[in-house]
Protein chains: 2
Amino acid sequence: MRVLVVEDDPILLDGIKVGLALGGVTVDGVATCADARAALATSRFDAIVLDLMLPDGSGLDVLGEMRGRADATPVLLLTALDETADRILGLDSGADDYVGKPFDLDELAARVRAVARRHAGRAAPLMLAGAIALDPSTLSVTVAGEPVSLSRREFSVLAALMERPGMVRSKGEIEDRLYGWQEEVESNTVEVHIHNLRNKIGRTAIETVRGLGYRMRSAT
Amino acid sequence: MRVLVVEDDPILLDGIKVGLALGGVTVDGVATCADARAALATSRFDAIVLDLMLPDGSGLDVLGEMRGRADATPVLLLTALDETADRILGLDSGADDYVGKPFDLDELAARVRAVARRHAGRAAPLMLAGAIALDPSTLSVTVAGEPVSLSRREFSVLAALMERPGMVRSKGEIEDRLYGWQEEVESNTVEVHIHNLRNKIGRTAIETVRGLGYRMRSAT
DNA sequence: TGTCACCTTAAGCCAGCCTTAAGCCGCGGA
DNA sequence: TCCGCGGCTTAAGGCTGGCTTAAGGTGACA
């Protein structure tokens, strides 16, 4: 198992490395958002331990970028602040778990294990649904081989739907995916994006399930 | 979304109910391990909030039994003790998340959401009755392999019947399933839905037991 | 600083679903 | 054989929820 740890305190980082290594985990450690992005661009991890307060930004940004491009690698957040607001923000923005400092190394290791175990068995790089292909790594979408250009929001909506073709996603879930949920959009944004998406990728690709949400047509 | 909350403190239980209800979650509350087992035996939930310390035993026992029979319903543990040992024990015994009292209601709601969302899409029980297959995870129904499109209410009625093929369900039970167990509809709605269902999935699939209710024909 | 794409908001329209209600049918008991 | 009750069928009406369109705002980029 390979885990990326993003933590700017070198002492803490070392401690985590040792703690996880005892459980047979391979650890890559970086200290900044920039390095984290570089690591994510070049390697695949089974889980990521992510500090929120980093010298060059917030870990939430990195997390948001990942989820935005449909990278589902499990993320465990780490923060000095034990504030409820942070926890909610983190969980709703796509984190899989949360640990507040100070924490116990054994507990962290257990949670990393749990989170990675949960994730195992998923993760397909290229998502397919009928004639539509979505590549999270290049942020590109093709319909019957033809490339289609989508805006950022459109891409996120489509990614949310394609993560599990055939499965119904509620508008609320999709909204949670687009925003951190606490932005609480008071309108029919999702409907509008769905509408625009349908114009671009074909009118029948996204099915409406009245009262429940939307789903990708998985069968052709 | 339907959640079972197992908590013996009535005040806390009430608070949780209200907190979750605000997020559009239907909550069933019980106070003992015994009641929890009964609820689990008769109903299906999207997530379970489980107190560890209960008057007639530990929530861990209930969790253990569930996992023992391969019930993968996501479980969020709740306990007064904020001890690391408990956390690890809980996570490693198959819980999906952990919240220590005192906790914030918003946080609990966010975690329940996160845990249920994570779970959705795995472990499709796929209910069968004769040529009819109902997949709760994709909300889809097929008859002899052919997909059939049902409205939300029709789906609920069918799901209620297929939960236990061969078993009679009264109109009252089905109504309770469609609406919260109050709201008392003053008409023959269920009969109408049954009628429409029969038109869609085949006239013989649902059998009428005069004076008692309806049941699925389990055998072909 | 101006332009452009994109996102959000809002409003009106439309369709499908749910409920209600009324009349009919058939089973079972007298 | 007749009657009553429970279930079946049908159709109408209201309403919710989704679709569509358009306008205004905002941020990026030149």
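Residues numbered from 1 in each chain as written. Chains lettered and ligands numbered in written order. Predicted model: local features only at pLDDT ≥ 70, side-chain atom pairs only at ≥ 80, totals over all residues. Heavy atoms only, no water.

## A few points about the protein's contact with DNA strand D
Rule in force here: If a single non-hydrogen atom of a residue is within 4 Å of a molecule or strand, that residue counts as near it. The term polar contact refers here to a pair of N or O atoms within 3.5 Å; inside protein, the definition further demands a hydrogen-donor-capable atom paired with an acceptor-capable atom, and it admits residues adjacent in sequence only when both atoms are side-chain atoms. Helix and strand assignments come from DSSP, with helices taken as H or I runs of at least 4 residues and strands as E runs of at least 2, each series counted from the N terminus.
Inspection of the region around DNA strand D gives 22 residues, with A:K171, A:R198, A:R210, B:K171 and B:H195 positioned closest. For DNA strand D, the backbone makes up 64% of the atoms found within 4 Å of the protein, where backbone means sugar plus phosphate. A distance of 2.7 Å separates a phosphate oxygen of DNA strand D from a polar atom in the side chain of A:R198. Those elements that place two or more of their residues in the surface near DNA strand D are α8 (189–201) of chain A together with α8 (189–201) of chain B.

## Concerning the sheet that holds strand β9 (residues 132–135) of chain B
Residues and elements named next belong to chain B. The criterion, for reference: Here a strand pair is declared whenever DSSP counts at least two bridges between the two strands. Here, axes are lines fitted to C-alpha atoms. For helices the fit covers the stretch in contact, and angles between N-to-C directions go from 0 to 180 degrees. Two residues form a contact once any of their heavy atoms are found within 4.5 Å.
Spatial strand order, β8-β9-β10-β11: 4 strands in an open sheet with antiparallel pairing. Looking at strand neighbours, the two that pair on one side only are β8 (127–129) and β11 (146–148), the edges of this open sheet. Looking at each pair of strands side by side, their axes are set apart by 25° on average, direction ignored. Relative to β9, β8 is paired through 3 bridges, and the arrangement is antiparallel. What sits directly across from M127, in β9, is L134. The strands that helix α6 (residues 152–162) touches are β8, β9 and β10 (140–143); relative to β9, the one it contacts most, it runs at about 110°.

## Notes on the sheet that holds strand β10 (residues 140–143) of chain A
Residues and elements named next belong to chain A. Pairing is antiparallel across the open sheet formed by 4 strands, whose spatial order is β8-β9-β10-β11. Lying at the two open borders of the sheet, with one neighbouring strand each, are β8 (127–129) and β11 (146–148). Put simply, the sheet's adjacent strands are angled 25° from each other on average, direction ignored. Sheet topology places β10 next to β11; 3 bridges connect them, and they run antiparallel. When the bridges of β11 are listed, T142 appears paired with P147. The sheet strands contacting helix α6 (residues 152–162) are β8, β9 (132–135) and β10, and the helix crosses β9 at an angle near 110°.

## Some thoughts on the protein's contact with DNA strand C
Put simply, the rule is: Polarity classes work like this: nonpolar for Ala, Val, Leu, Ile, Met, Phe, Trp, Tyr, Cys and Pro, charged for Asp, Glu, Lys and Arg, and polar for all others, with Gly in that last group.
Residues in close proximity to DNA strand C total 24 residues, the closest being A:S151, A:R153, B:S151, B:T189 and B:R210. Backbone atoms, meaning sugar plus phosphate, form 59% of the atoms of DNA strand C positioned within 4 Å of the protein. Taking A:R153, its side chain carries an N or O atom lying 2.4 Å from a phosphate oxygen of DNA strand C. Separating a base nitrogen of DNA strand C from a side-chain N or O atom of B:N188 is a distance of 3.3 Å. Mapped by element, the contributors of at least two residues to the surface near DNA strand C are α6 and α8 of chain A together with α6 and α8 of chain B. In terms of residue class, the surface near DNA strand C is built from 6 nonpolar, 10 polar and 8 charged.

## Brief notes about the packing of α6(B) against helix α7 (residues 171–178) of chain B
Residue and element names in this part refer to chain B. Our working rule: An angle counts as roughly parallel when it lies under 35 degrees, as roughly antiparallel when it exceeds 145, as roughly perpendicular when it falls between 65 and 115, and as oblique in every other case. Crossings are assigned a handedness: left-handed for a near helix turned anticlockwise from the far helix by less than a right angle, right-handed for a clockwise turn.
Running from N to C, α6 and α7 point in directions that differ by 130°, and their axes come no closer than 9 Å. Considering their axes alone, α6 and α7 lie oblique with respect to each other. By crossing handedness, the relation of α6 to α7 is classed as right-handed. Only I174, R177 and L178 of α7 make contact with α6, whose side of the interface consists of R153, S156, V157, A159, A160 and L161. Split into classes, the residues belonging to the contact of α6 with α7 amount to 6 nonpolar, 1 polar and 2 charged.

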